[in-house]
Amino acid sequence: MDAMPPPPTDPAAEALQLASTEIPEALDELGRKHDYVNDVVQWCESSYQSGDKNMVLKQTKEYLVDALEVVAKEVETTSAKLIRFLSLQNDAVEGLGLELDAVRERLALAKAQNAAKRMEALCPERKREPSQPRLEVLDDAAREKHMCTVGNYESSLQKRLSGFDAVGSKL
């Protein structure tokens, strides 16, 4: 019996090995077992007609029991390989979902930082302490002094940034 190479430690390499080598070889082996069972059936048909029927019946039972045991073991081995392959694919898809969530969060953070930088560039005199909100009431003259005059640029910026809101939400 050939010595099996150790499975790779990298899940992607293991999935590739399963898909390209191990699963096709296991399916080929099942096909060879199918051919063997067909050979036993043909031998039984020809021997039953021309020989001792009791001996042929006994020998046929032994052959088929042995063949079915081997086929059952091959099916078990092949199914274990298929299950492992599907498990690796499932893990990869779940990992991809986590990576997409991280990218979506980084994009939202970058959008917020970019918007804050642009607003700061447009209104440099308007600086507030984030932990201490202003509670004073301003009159019209003071309000004009502290208001940022960005006009249509702010609404244009909001329209452009809203195009990124759905990024990554349709998985």
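Residues numbered from 1 in each chain as written. Predicted model: local features only at pLDDT ≥ 70, side-chain atom pairs only at ≥ 80, totals over all residues. Heavy atoms only, no water.

### Details of the overall build of the chain
Okay, so step 1: When its secondary structure is counted, the chain shows 4 helices and 0 strands.
Okay, so step 2: In sequence order, the secondary structure elements of the chain are arranged as α-α-α-α.
Okay, so step 3: Counting only residues that meet the buried cut, the chain has 15% of its 171 residues in that class.
Okay, so step 4: Nonlocal contacts in the chain, meaning residues at least 24 apart in sequence, comprise 67% of its contacts between residues at least 6 apart.
Okay, so step 5: Of the roughly 13,600 Å² of accessible surface on the chain, a fraction of 58% belongs to carbon and sulfur atoms. (Helix = DSSP H or I, 4+ residues; strand = E, 2+ residues; numbered from the N terminus. Buried < 20%, exposed > 50% of the residue type's maximum accessible area, 1.4 Å probe, protein only. Contact = heavy atoms within 4.5 Å. Areas by Shrake-Rupley, 256 points an atom, 1.4 Å probe, with all protein chains shown as cover.)

### Considering the pattern of salt bridges
Okay, so step 1: What the rule picks out here adds up to 4 salt bridges.
Okay, so step 2: Here E29 and K33 are joined by a salt bridge, their closest N and O atoms 2.7 Å apart. Taken together, the positions of E29 and K33, both in helix α1 (residues 11-50) and 4 residues apart, correspond to about one turn of that helix.
Okay, so step 3: Using a relative accessible area of 19% as the deciding quantity, one classes K33 as buried. (Salt bridge = Lys/Arg side-chain N within 4 Å of Asp/Glu carboxyl O.)

### A closer look at the side chain of K81
Okay, so step 1: Assignment of secondary structure puts K81 in helix α2 (residues 53-122).
Okay, so step 2: Once residues lying within four places of it in the same chain are set aside, the contact partners of K81 are L18, E22, I23 and A26.

### Some points on the nonpolar core
Okay, so step 1: A15, L18, I23, F85 and L88 form the largest nonpolar core, which has 5 residues in total.
Okay, so step 2: Sorting the residues of this core by element identifies α1 and α2 as the ones contributing at least two each.
Okay, so step 3: With 3 residues, α1 is the single largest residue contributor to this core. (Core = buried A, V, L, I, M, F, W, Y, C linked by side-chain atoms within 4.5 Å.)

### Remarks on the packing of α1 against α2
Okay, so step 1: Following both chains from N to C, one finds α1 and α2 inclined at 165 degrees, their axes separated by 9 Å at the closest point. Between α1 and α2, the crossing angle belongs to the class labelled roughly antiparallel. Where α1 crosses over α2, the two elements pack in a sense that is left-handed.
Okay, so step 2: Along the lines of polarity and charge, the residues of the contact of α1 with α2 split into 24 nonpolar, 5 polar and 8 charged. (Axes fitted to C-alpha atoms, helices over the stretch in contact; angles between N-to-C directions. Parallel < 35°, antiparallel > 145°, perpendicular 65-115°, else oblique. Left-handed = near helix turned anticlockwise from the far one by under 90°. Nonpolar A, V, L, I, M, F, W, Y, C, P; charged D, E, K, R; others polar.)

### Quick look at α2
Okay, so step 1: Taking 1.5 Å as the rise per residue, α2 with 70 residues should run 104 Å; its terminal C-alpha atoms sit 101 Å apart, in good agreement.
Okay, so step 2: Within the span of α2, buried status applies to V56, T60, A67, T78, K81, F85, L88, K111 and A115. (Expected span 1.5 Å × (residues − 1).)

### Details of α1
Okay, so step 1: An ideal rise of 1.5 Å per residue puts 58 Å on 40 residues; α1 measures up with 56 Å between its terminal C-alpha atoms.
Okay, so step 2: Along α1, the largest kink reaches about 45 degrees and is centred on L18.
Okay, so step 3: Three or more residues of α1 are buried, namely E14, A15, Q17, L18, E22, I23, A26, K33, V37, V40, C44 and S47.
Okay, so step 4: At its buried positions, α1 is contacted by α2. (Bend = angle between axes of the 7 residues up to and from the residue.)

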